[in-house]
Amino acid sequence: MSTSTTGLAALPPAVRKVARPPGRSFWMRLGRHLLRDRVAIVCLVILLAIALSAIFAPWLVPADPYKTSMLRRLLPPGERGYLLGTDELGRDMLTRLLYGGRVSLSMGLAPVVLATLIGGALGIIAGYFGRQVNMLIMRVIDVFYAFPSVLLAVAMAGVLGAGIMNSLISLTLVFIPPIARVAESVTTQVRNQDFVEAARATGAGSWRIIVEHMLANVTGPILTYASSLVSVSIIIASGLSFLGLGARPPIADWGLMLNTLRQAVYVAPLNAVLPGVMIFLTSVSFNLLSDSLRTAMDVRA
Amino acid sequence: MTGADPRDRGGPQQPLLIVDGLKKYFPLRNALGTVSAHVQAVDGIGFSIAKGETLGVVGESGCGKSTTARLLMQLIEPDAGSFVLDGDPVGRGGVTVRELRRQVQMVFQDSYASLNPRHTAAQEIAFGLRVIGKDTATAEAEARQTLRMVGLDPDLYAGRYPHEMSGGQRQRVNIARGIALNPRLLILDEAVSALDKSVQAQVLNLLDDLKQRLNLTYLFISHDLNVVHYVSDRVLVMYLGKIVEVGPVDRIWREAAHPYTRALFSSRLSMNPALRVAAPPLSGDPPNPVRPPSGCRFRTRCTLAEDVCAASEPALIPSPLDAAHAVACHIARAGSGHSLAGALANAA
Amino acid sequence: MPLDATPARNGTIAEVNDLSVRFVTRDRDVLVVDGVSFTLAAGEVLCLLGESGSGKTVTMRSLLRLLPPSARIGGRIDVAGHDVTAMSDRQLERLRGPVAAMVFQEPMTAFDPVFTIGTQIAETIVSHEGISYRAARARALELLELVQIPSAARRLDAYPHELSGGLRQRAMIALALSCRPALLLADEPTTALDATVQIQILLLLRQLQRDLGMATIFVTHDIGVACEVADRVAVMYGGRFVETGPIDQVIAQPAHPYTVGLLNSTVHEISRGAPLVPIPGGPPDLADMPPGCSFAPRCSAKSTRCDEIRPVLAPISAGRAVACHHPTLAGAKP
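Being a predicted model, the structure only gives us computed values, none of them experimental.

> Before we go on, may I ask you to explain the overall build of chain B in this structure?
Broken down by element type, chain B carries twelve helices and twelve strands. By residue count, 56% of the 348 residues in chain B fall in the buried class. Residue pairs at least 24 apart in sequence account for 64% of intrachain contacts in chain B once pairs closer than 6 positions are excluded. Approximately 13,600 Å² of chain B is accessible, and the part contributed by carbon and sulfur atoms is 51%. Of the charged side chains in chain B, 37 are positive and 34 negative, and the gap between their average positions amounts to 3 Å.

Now the structure itself:
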């Protein structure tokens with residue numbers, strides 16, 4: 001009864017030939033899609049330029065970002081060799097803007113990365129194990145979620161005291177709840193699919209299933225959401241600095257610069273606006289990039 | 001391939017698996033999270049699966065056939081019930097649940113949802129092999145071998161993701177994942193139902209081929225009676241969480257004893273435009289398994305129902321003509337109080 | 001003002017000529033229906049039979065232009081004397097309902113979950129026929145009785161989710177019939193149902209079709225369903241008609257190798273004990289179709305001609321046509 005009409009031999013060669021190259025993973029397809037998105041490319045180039053110039057600032061601009069000069073205060077852009085002018089203490093604006101990128105970019109990325117690790121882990125655990133575990137984690141998260149994020153950040157920074165490290169901690173705490181929420185809902189969806197059931201049927205333990213089956217399926221959506229928080233983080237961090245709760249003088253930070261140049265806005269409006277322009281440029285780029293990422297994920301099917 | 005299986009401890013007469021008193025109620029929660037009712041998915045069923053046979057399970061949605069599969073697979077915990085694996089009781093004092101699970105594997109209906117979209121075919125198959133302790137290289141090599149066994153050239157398909165394969169190819173990968181762990185019992189839960197007919201036939205032939213080569217036993221769940229008839233040795237008919245009839249496939253097809261089984265058969269499409277079905281054998285839908293009817297659960301749709309059917313629940317008892325054929329119907333049991341009781345048995 | 005739903009002089013309710021549908025997105029341009037032509041007489045039941053990706057649903061939906069925005073329709077479609085390809089969206093809306101109505105596989109797609117069945121049917125009637133809500137509601141009750149819903153008066157006030165699968169399917173049929181269509185389009189309406197319910201719905205549709213004299217196009221992948229309801233059948237493969245003819249003749253003596261293969265690979269009562277004879281390989285990739293016959297790569301009777309020249313649908317006997325270079329070869333062995 002078992003004349004094998006099913007084996008490979010039964011298939012004529014024409015059927016076996018393959019038209020498309022196989023084995024294109026989700027991330028490869030995502031990458032290809034992003035590379036065809038012009039907006040994403042432009043944003044990526046802008047952000048890379050800002051990041052690289054921040055990292056290599058000492059070689060790009062020889063001036064000292066902390067060297068003040070009472071004689072050269074608030075020079076307009078282009079004057080006496082200062083490409084973007086000077087600030088209220090006579091420091092080179094261009095130099096400070098580039099150095100300021102270091103603080104602002106790290107304050108945009110670091111809290112989001114930390115919050116993604118912590119919040120993502122909490123959300124995945126809550127979503128995968130469900131029931132009481134979920135209840136416990138998500139209700140605690142909900143308490144934090146009840147406060148508006150800016151208010152929460154200000155309050156926490158206020159309690160912890162001013163300083164870059166403290167504002168980083170408070171921003172991380174602010175971003176954990178929303179990321180955990182997203183991670184939990186994505187995980188719950190994935191968890192109910194048959195392939196997780198099939199993995200359990202092999203006798204695999206929960207951690208193994210989470211690491212090998214869940215992570216690859218939930219990281220995409222979680223990262224997409226997290227990327228949209230980077231610009232928020234930059235803005236809140238700048239806001240904290242502006243309020244005197246973040247970076248302290250004389251550190252070069254866009255938010256702080258915006259604050260100290262505030263008084264000069266009628267004297268040297270261009271100089272005063274420049275840090276704001278940088279914040280705007282960076283956060284808009286991150287936002288658009290995050291949007292492109294989401295679109296690319298949507299069309300993967 | 002009929003070499004003695006070292007795992008075969010009980011001999012050919014000992015059923016591979018005996019299930020008794022299996023029960024699973026799913027709680028329904030209201031908005032406040034308190035349990036308001038239960039879905040009586042599987043309500044005290046017992047059956048056995050002989051070594052090397054294909055036991056077909058038929059029934060409509062809500063009859064509990066998929067829940068039964070998941071209970072056997074230990075994917076959900078039964079409320080009650082015992083398992084005997086090849087003569088050894090599972091649980092206290094006998095073999096472990098882990099051991100039972102290792103000897104049973106399952107193929108799901110939805111070939112797409114049951115494969116991890118981020119894993120290649122080879123990764124998917126190798127996962128289970130790594131779980132049981134094989135190293136990555138061995139698992140990978142065995143995965144490729146298993147792909148060949150299910151008729152997929154590993155050079156072409158090992159590196160493919162689910163979306164890069166057709167439905168039939170994906171279901172072959174699912175079957176490969178199941179057999180890679182070398183189970184003795186393979187549960188096929190509507191495994192060919194979603195496939196196109198031309199592909200379905202290929203997969204049915206493959207399953208038959210694998211069964212011979214690997215000494216497998218199948219539990220074949222399907223709503224398609226023709227397919228069940230084609231593959232099964234014995235058939236189990238379920239209705240609302242109960243077994244209503246079980247027996248050798250030819251006997252059931254020739255003389256089904258339960259009114260539900262007969263109605264199910266008469267609902268089959270004729271496949272002949274000249275012999276169209278004239279009138280539907282049953283009216284209405286199956287009742288809600290949250291509130292099943294009292295007594296015989298089929299009585300609300302049964303044309304032969306009498307008072308006794310509402311009053312008492314018929315037990316699943318073997319037919320006097322054939323001990324392998326059991327029916328849960330008052331009509332089949334002489335002296336049950338039903339006016340037709342024993343009439344059918346006498347007629348046969 | 002309702003559209004004229006009377007069939008054309010020759011008794012034809014729908015006429016499709018060289019229909020092609022392609023789905024065009026940024027990444028892909030796929031021809032899913034390729035040169036399909038047919039006519040449907042008033043009161044006739046045509047079954048479009050095919051497997052997934054054969055283009056059967058898209059062909060049927062083209063008749064009401066119920067297609068996603070990425071679809072590009074070519075050819076000519078006439079429904080009750082109206083050129084569907086040239087109609088505005090407004091005109092199309094008036095066509096849907098009184099002239100042609102549709103039933104789906106999943107009834108929840110046809111109903112709005114927040115309104116009762118009775119309200120939805122009555123409002124459809126009001127918007128199309130402009131009669132009073134009271135009268136429309138009375139009609140809705142008649143319709144529910146027509147589709148044999150038990151205790152119909154009570155079911156008028158039921159929400160869609162309160163009905164069982166079979167009743168919901170009946171309610172959707174009632175909704176489709178609410179404006180007395182001359183043409184009913186049915187897209188696998190029984191596929192998701194249990195066997196004992198499926199046969200009830202099929203027989204109901206057959207009876208309604210006969211009683212109301214509706215022409216019907218029935219899309220299915222199941223030969224058994226086609227055998228129960230069809231007058232004529234069109235077998236589709238890779239977006240094309242490969243064989244058309246009266247259902248009894250096509251089943252008894254299939255002429256196209258694909259139809260033969262499909263019948264062979266369908267499990268019958270008599271199949272037990274013998275291995276099935278499946279069609280080798282898988283369905284064609286619509287984005288990469290062979291230049292000749294689309295079935296040639298899987299066909300056991302093919303010649304070199306089949307790889308090079310695409311066969312056209314040509315008549316082989318009264319009422320029957322087949323698109324194959326070697327039809328008799330396959331038809332000889334039913």
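What follows continues from the structure just given.
> Sorry, what's going on with the sheet that holds strand 4 (residues 80-85) of chain B here?
Strands pair in a sheet through their backbones, by hydrogen bonds, and they do so in one of two ways: parallel or antiparallel. Judged by pairing direction, the sheet is antiparallel, and its four strands sit side by side in the order 2-1-4-5 (chain B) without closing on themselves. Whereas interior strands pair on both sides, the edge strands pair on one side only; in this sheet they are strand 2 (35-49) and strand 5 (88-89) of chain B.

> Looking at this structure, I do not really get the packing of aromatic side chains. What am I missing?
Ring pairs (aromatic) are described by centroid distance and by the angle formed between their planes. All names here are of chain A. Scanning all chains against the criterion turns up eleven aromatic pairs over all chains. Joined through ring pairs, the aromatic side chains of Tyr128, Phe129 and Trp207 make up one cluster. One residue, Arg191, lies across the ring of Tyr128, its end atom 4.7 Å from the ring centre.

> Hey, could you run me through the packing of helix 5 (residues 93-129) of chain A against helix 6 (residues 131-145) of chain A in this one?
Helices that pack against each other are described as a pair by the angle of their axes relative to one another and the distance between those axes. All names here are of chain A. Two numbers describe how helix 5 lies on helix 6: the axes approach to 7 Å, and their chain directions differ by 145°. Between helix 5 and helix 6 the crossing geometry is left-handed. For the pair helix 5 and helix 6, contact is made by Leu122, Ile125, Ala126, Gly127 and Phe129 and by Arg131, Val133, Asn134, Ile137, Met138 and Ile141, respectively. Along the lines of polarity and charge, the residues of the contact of helix 5 with helix 6 split into eight nonpolar, two polar and one charged.

> Sorry, what's going on with a nonpolar patch on the surface here?
All names here are of chain A. A contiguous nonpolar surface patch, about 760 Å² in accessible area, is contributed by Leu44, Leu48, Leu52, Ile55, Phe56, Trp59 and Leu60. Sorting the residues of the nonpolar patch by element identifies helix 3 (38-55) and helix 4 (57-60) as the ones contributing at least two each. The element that contributes the greatest number of residues to the nonpolar patch is helix 3, accounting for four residues. Take Leu48: it is sitting in helix 3.

> Sorry if this is basic, but what is going on with the sheet that holds strand 4 (residues 71-79) of chain C here?
All names here are of chain C. Read from one edge to the other, the open sheet built from four strands follows the order 2-1-4-5, with strand pairing classed as antiparallel. Looking at which strands have only one partner, the edges of the open sheet turn out to be strand 2 (29-41) and strand 5 (82-83). As paired elements, strand 1 (residues 12-24) and strand 2 share ten bridges and run antiparallel to each other. In the sheet register, Phe23 faces strand 2, and the bridge partner there is Val30.

> Sorry, what's going on with the domain arrangement of chain C here?
Many authors give the size of an interface as the accessible area that is lost as the parts come together. Residues and elements named next belong to chain C. We note that the domain assignment places domain 1 (42-60 + 89-99 + 182-334) and domain 2 (108-180) within chain C. Computed from C-alpha coordinates alone, the two centres of domain 1 and domain 2 are separated by 31 Å. With 18 residues of domain 1 in contact, the opposing surface of domain 2 contributes 13 residues. For the pair domain 1 and domain 2, the number of links is four residue pairs in polar contact (both at pLDDT 80 or more). Those elements giving two or more residues to the side of domain 1 that touches domain 2 turn out to be helix 2 (89-95) and helix 7 (195-212). Broken down by class, the residue content of the side of domain 1 that touches domain 2 amounts to twelve nonpolar, three polar and three charged.

> Can you walk me through the nonpolar core in this structure?
Across soluble globular proteins, nonpolar side chains have a tendency to be buried as a group. In terms of nonpolar packing, the biggest core is built from 104 residues, with Leu63(C), Ile121(C), Ile173(C), Leu183(C) and Ile217(C) touching the most fellow members. Both domain 1 (42-60 + 89-99 + 182-334) and domain 2 (108-180) of chain C contribute no fewer than three residues apiece to this core. If sequence neighbours within four positions are ignored, Ile121(C) has contacts with Ala140(C), Leu143(C), Leu144(C), Ala171(C), Ala174(C), Leu175(C) and Ser178(C). The next biggest cluster of nonpolar side chains, apart from the first, holds 62 residues, and it includes Leu115(B), Val227(B), Leu282(B) and Leu276(C).

Cut-offs used in this document
Residues numbered from 1 in each chain as written. Chains lettered and ligands numbered in written order. Predicted model: local features only at pLDDT ≥ 70, side-chain atom pairs only at ≥ 80, totals over all residues. Heavy atoms only, no water. Helix = DSSP H or I, 4+ residues; strand = E, 2+ residues; numbered from the N terminus. Buried < 20%, exposed > 50% of the residue type's maximum accessible area, 1.4 Å probe, protein only. Contact = heavy atoms within 4.5 Å. Areas by Shrake-Rupley, 256 points an atom, 1.4 Å probe, with all protein chains shown as cover. Lys, Arg positive; Asp, Glu negative; His and termini not counted. Charge placed at Lys NZ, Arg CZ, Asp CG, Glu CD. Pairing = 2+ DSSP bridges. Phe/Tyr/Trp six-rings, centres within 6.5 Å; stacked < 30°, edge-to-face > 60°. Lys NZ or Arg CZ within 6 Å of the ring centre and 35° of its normal. Axes fitted to C-alpha atoms, helices over the stretch in contact; angles between N-to-C directions. Left-handed = near helix turned anticlockwise from the far one by under 90°. Nonpolar A, V, L, I, M, F, W, Y, C, P; charged D, E, K, R; others polar. Patch = residues over 30% accessible without salt bridge, like charges linked within 9 Å, V, L, I, M, F, W, Y side chains within 5 Å. Salt bridge = Lys/Arg side-chain N within 4 Å of Asp/Glu carboxyl O. Domains from an automatic or database assignment. Polar contact = N/O pair within 3.5 Å; in protein donor to acceptor, adjacent residues only side chain to side chain. Core = buried A, V, L, I, M, F, W, Y, C linked by side-chain atoms within 4.5 Å.

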